[in-house]
2 protein chains.
Amino acid sequence: MSAIEFWFDFASAYGYFASLSIDDLGARHDRAVMWRPFMLGVAFKATGARGLSGTPIKGDYARRDWARLARLMDVPFNLPANHPFTALAASRAFYWIERQNPSAAVAFAKAVFRGYYGDGQEVARPEVVADVAASIGLERAAVLAGLGAPEIKVHFTAITEAAVAKGVFGSPFFIVDGEPFWGADRMPMLEQWLERDGW
Amino acid sequence: MSAIEFWFDFASAYGYFASLSIDDLGARHDRAVMWRPFMLGVAFKATGARGLSGTPIKGDYARRDWARLARLMDVPFNLPANHPFTALAASRAFYWIERQNPSAAVAFAKAVFRGYYGDGQEVARPEVVADVAASIGLERAAVLAGLGAPEIKVHFTAITEAAVAKGVFGSPFFIVDGEPFWGADRMPMLEQWLERDGW
């Protein structure tokens, strides 16, 4: 059985909420989850969409919705003043770590989300990204060098282009057995799809 | 207890899916449902958004999602070739009928959705809107005259402006006790909100 592709941008609040339960969802159905950060802004260029925060009316709704989702899920959520940020450094670090150790990359992604939405860390900055990596036992200097490596930049650009090419236009976005599901609020439908093997 | 405001555009496929279960949801919680068609295009001007069908990549996803939702819900769904249409005539007819008989207006709204998404009727045309009204026992000529009445045009414009002013930016969109919920896939959260009286 194929893995669940979990596409997200580290700056996406809905991506954060999804990140808190996607592994459990996969485990309930014996599906691996393939964590896939990408640059949502590149997808926005393809669709002509704008980020939620910068969209009149919708941005206000989104901020209210994130706060009530956090209360409902009983999880930390503090929207940083610099939201949304450009998650280039964190995403590149993810793929550099993944090359060494895929499960460490997932632990790192969770730590980035927690650092940003829980603890207000400035994860836009490479130095802070390296601190986050160090906090889960990775070698700080190696991560800092790795996220700046030219081949990682090329790799991450290719990953984002592949996402857009396969129709990923939002965060979070799931693909399983070729079927796309957009949005954290579609995770129940994704789970139904797995339970029934489609319909 | 206040009613559930149910805002929708007749051209919105997600509005159609929501229309099939919102009355049952309200009944489970002893809440009246206030059906409120509006012009989604006017809200789009306020947010800068575009309709799903005309948005690259996202439009393809939406068409796929509508089809699988219809299969999941086991309801009729045939996307007409002229989708999305401008539902001015149907919306004005709704408010004209509502002035005579509010429950007939809801029955009419359901017949419009069924006619468009189920039977492929050209409900963009005033004559077809009048046919739909006649099919549920309303007087065809009176509805046709009513939907063209200047005071109804003014009334419907005011309704749409009021929707945008209160932050309605999509279809379907629900407001209950001042709390906004956007999207058919947020109906489970709306229901949780009613069950717990918020959180």
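Residues numbered from 1 in each chain as written. Chains lettered and ligands numbered in written order. Predicted model: local features only at pLDDT ≥ 70, side-chain atom pairs only at ≥ 80, totals over all residues. Heavy atoms only, no water.

1. A closer look at the sheet that holds strand 1 (residues 4-8) of chain A
Moving on, step 1. In space, the four strands of this open sheet follow the order 2-1-3-4 (chain A), with mixed pairing throughout. Looking at which strands have only one partner, the edges of the open sheet turn out to be strand 2 (33-37) and strand 4 (179-182) of chain A. Averaged over neighbouring strand pairs, the angle between their axes works out to 20° when direction is ignored.
Moving on, step 2. Bridge count between strand 1 of chain A and strand 3 (residues 173-176) of chain A: three bridges; the pairing is antiparallel. Bridged to A:E5 within strand 3 of chain A is A:I175.
Moving on, step 3. The sheet contacts of helix 4 (residues 58-73) of chain B involve strand 3 and strand 4 of chain A, and relative to strand 4 of chain A the element is tilted by about 100°. (Pairing = 2+ DSSP bridges. Helix = DSSP H or I, 4+ residues; strand = E, 2+ residues; numbered from the N terminus. Axes fitted to C-alpha atoms, helices over the stretch in contact; angles between N-to-C directions. Contact = heavy atoms within 4.5 Å.)

2. Observations regarding the environment of B:A89
Residue and element names in this part refer to chain B.
Moving on, step 1. Examined against the element boundaries, A89 turns out to sit in helix 5 (residues 88-100).
Moving on, step 2. For the pair A89 and W7, spaced 82 residues apart in the sequence, the C-alpha separation amounts to 17 Å.
Moving on, step 3. Beyond its immediate chain neighbours, meaning those up to four positions away, A89 contacts A124, P126, V129 and L147.

3. Details of the packing of aromatic side chains
Moving on, step 1. For the coordinates displayed, the defined rule picks out 54 aromatic pairs over all chains.
Moving on, step 2. The ring of B:F181 has A:R68 lying over it, and the distance from NZ or CZ to the ring centre is 4.3 Å. (Phe/Tyr/Trp six-rings, centres within 6.5 Å; stacked < 30°, edge-to-face > 60°. Lys NZ or Arg CZ within 6 Å of the ring centre and 35° of its normal.)

4. Quick word on the interface of chain B and chain A
Moving on, step 1. Across the boundary between the two partners, chain B contributes 32 residues, which contact 32 residues of chain A.
Moving on, step 2. The tally of links between chain B and chain A comes to eight salt bridges.
Moving on, step 3. Note that A:E179 and B:R64 form a salt bridge whose closest N and O atoms lie 2.8 Å from each other.
Moving on, step 4. Put simply, chain B and chain A have 20 residue pairs in polar contact (both at pLDDT 80 or more) between them. (Salt bridge = Lys/Arg side-chain N within 4 Å of Asp/Glu carboxyl O. Polar contact = N/O pair within 3.5 Å; in protein donor to acceptor, adjacent residues only side chain to side chain.)

5. What about the pattern of salt bridges?
Moving on, step 1. Throughout the structure, instances matching the rule amount to 24 salt bridges over all chains.
Moving on, step 2. For the salt bridge of B:E179 with A:R68, the shortest nitrogen-to-oxygen distance reads 2.9 Å. Within this pair, whereas B:E179 is found in strand 4 (residues 179-182), its partner A:R68 is found in helix 4 (residues 58-73), the two belonging to separate chains.
Moving on, step 3. The buried category is assigned to A:R68, whose relative accessible area is 1%.
Moving on, step 4. Put simply, A:R64, A:D65, A:R68, A:D185, B:E179 and B:R186 are held in one network by salt bridges that share partners. (Buried < 20%, exposed > 50% of the residue type's maximum accessible area, 1.4 Å probe, protein only.)

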